[in-house]
Amino acid sequence: TASAPSAADRSYAVTLAPCAHHVYVNPDEPGLPARWLGGSSQATATVFDLTADTTVDIVLSVELTGTVTAGAAPREGAVVWASNPGPGKWTASAPSAADGSYAVTVAPGAHQVYVNPNEPGLPARWLGGTSQATATVFDLTADTTVDIVL
């Protein structure tokens, strides 16, 4: 077991014995949780069989972006929430701007999207389902665009 902080250029180097290893990342950044790389626990994390020098690029965050519209018009002031699957696992939120655009920064992984239009007559809802249990799960491994039509 070894650890190393990242340098100013975000690079890092760790010297390990040649064998199988799991990687645990602690970003020390508000809103970005410490996590196992490739899994939700050490048991499910990616196993790196290190028998030679190996480069592992680690993505700390991805951005969920898009536009919120009601009819054909942009919707300002809607709040877009990202949640890990499961009750009470809210990860981040952001309001939509005057042009309807929004941007939510989250850690890579499975997320569901909830939108509160903040407009009388337009109900808050989960994308792709009638509840969190049936909502679409987005596997965010890179910046992703999800446009929301109310």
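Residues numbered from 1 in each chain as written. Predicted model: local features only at pLDDT ≥ 70, side-chain atom pairs only at ≥ 80, totals over all residues. Heavy atoms only, no water.

Asker: Just to check I follow, could you spell out the overall build of the protein for this structure?
Answerer: Helix and strand counts for the protein come out as 0 helices and 14 strands. Starting at the N terminus, the α and β elements of the protein follow one another as β-β-β-β-β-β-β-β-β-β-β-β-β-β. Against the compact-globule benchmark of 15 Å for 150 residues, the protein has a radius of gyration of 19 Å, which places it well outside the compact range. In terms of overall dimensions, the protein has a C-alpha envelope of 60 × 35 × 20 Å along the principal axes. In the protein, which comprises 150 residues, the proportion classed as buried is 27%. (Helix = DSSP H or I, 4+ residues; strand = E, 2+ residues; numbered from the N terminus. Rg over C-alpha atoms; globule rule 2.2 N^0.38 Å. Buried < 20%, exposed > 50% of the residue type's maximum accessible area, 1.4 Å probe, protein only.)

Asker: Explanation requested: the pattern of salt bridges in the structure shown.
Answerer: Applying the stated criterion to the full structure yields 1 salt bridge. In this structure, Glu119 and Arg75 form a salt bridge, with 3.3 Å as the shortest nitrogen-oxygen distance. With Glu119 in the loop between strand E10 (109-116) and strand E11 (125-126) and Arg75 in the loop between strand E6 (73-74) and strand E7 (79-83), the pair connects residues that are 44 residues apart, well separated along the chain. By relative accessible area, which is 14% here, Arg75 ends up buried. (Salt bridge = Lys/Arg side-chain N within 4 Å of Asp/Glu carboxyl O.)

Asker: Before we go on, may I ask you to explain unusual backbone geometry in this structure?
Answerer: Note: most peptide bonds trans; most residues except glycine with negative phi. You will see that Arg10, though not glycine, has its phi angle at about 75 degrees, which is positive. Mapping Arg10 onto the fold places it in the segment before strand E1 (20-21). A residue is classified by how much of its surface remains accessible, and Arg10, at 73% relative accessible area, is exposed. In this structure, Asp28 is a non-glycine residue whose phi angle is positive, near 50 degrees.

Asker: In this structure, what is going on with the side chain of Arg75? I would like to understand it.
Answerer: At 2.9 Å, the side chain of Arg75 and the backbone oxygen of Pro117 are in polar contact. A polar atom in the side chain of Arg75 sits 3.3 Å from the side chain of Glu119. For Arg75, the contacting residues outside a window of four places in its chain are Val68, Thr69, Ala70, Ser96, Ala97, Gly100, Pro117, Asn118, Glu119 and Leu150. (Polar contact = N/O pair within 3.5 Å; in protein donor to acceptor, adjacent residues only side chain to side chain. Contact = heavy atoms within 4.5 Å.)

Asker: I'm lost on the nonpolar core in this one. Help?
Answerer: Across soluble globular proteins, you tend to see nonpolar side chains buried next to one another. Leu64, Val80, Tyr102, Val104, Val106 and Ile148 are the most contacted members of the largest nonpolar core, which has 17 residues in total. The set of elements that each furnish at least two residues to this core consists of strand E5 (62-70), E7, strand E8 (90-95), strand E9 (101-106) and E10. Setting aside its immediate chain neighbours within four residues, Val104 contacts Val62, Glu63, Leu64, Val80, Ala82, Ala92, Ser93 and Ala94. (Core = buried A, V, L, I, M, F, W, Y, C linked by side-chain atoms within 4.5 Å.)

Asker: Even after reading the chapter, I still don't get the pairing of E7, so can you show me in this structure?
Answerer: It is a general feature of regular strands that their side chains alternate between the two faces of the sheet. Pairing analysis gives 5 bridges linking E7 to E8, with the strands arranged antiparallel. Across the sheet, the residue bridging to Val79 is Pro95, located in E8. With antiparallel pairing between neighbouring strands as the criterion, E7 and E8 make up a hairpin whose turn holds 6 residues, including Gly86 at a positive phi of roughly 120 degrees. Bridge count for E7 against E10 is 5 bridges, and the pairing is antiparallel. In the strand pairing of E10, Val80 is matched with Val115. (Pairing = 2+ DSSP bridges.)

Asker: Hey, could you run me through the environment of Tyr102 in this one?
Answerer: Of note, Tyr102 is situated in strand E9. In this structure, Tyr102 is in contact with Leu64, Thr65, Gly66, Thr67, Val68, Val80, Pro95, Ser96, Val146 and Ile148, ignoring residues within four places of it in sequence. For Tyr102, the side chain forms a polar contact with the main-chain oxygen of Val146, separated by 2.5 Å.

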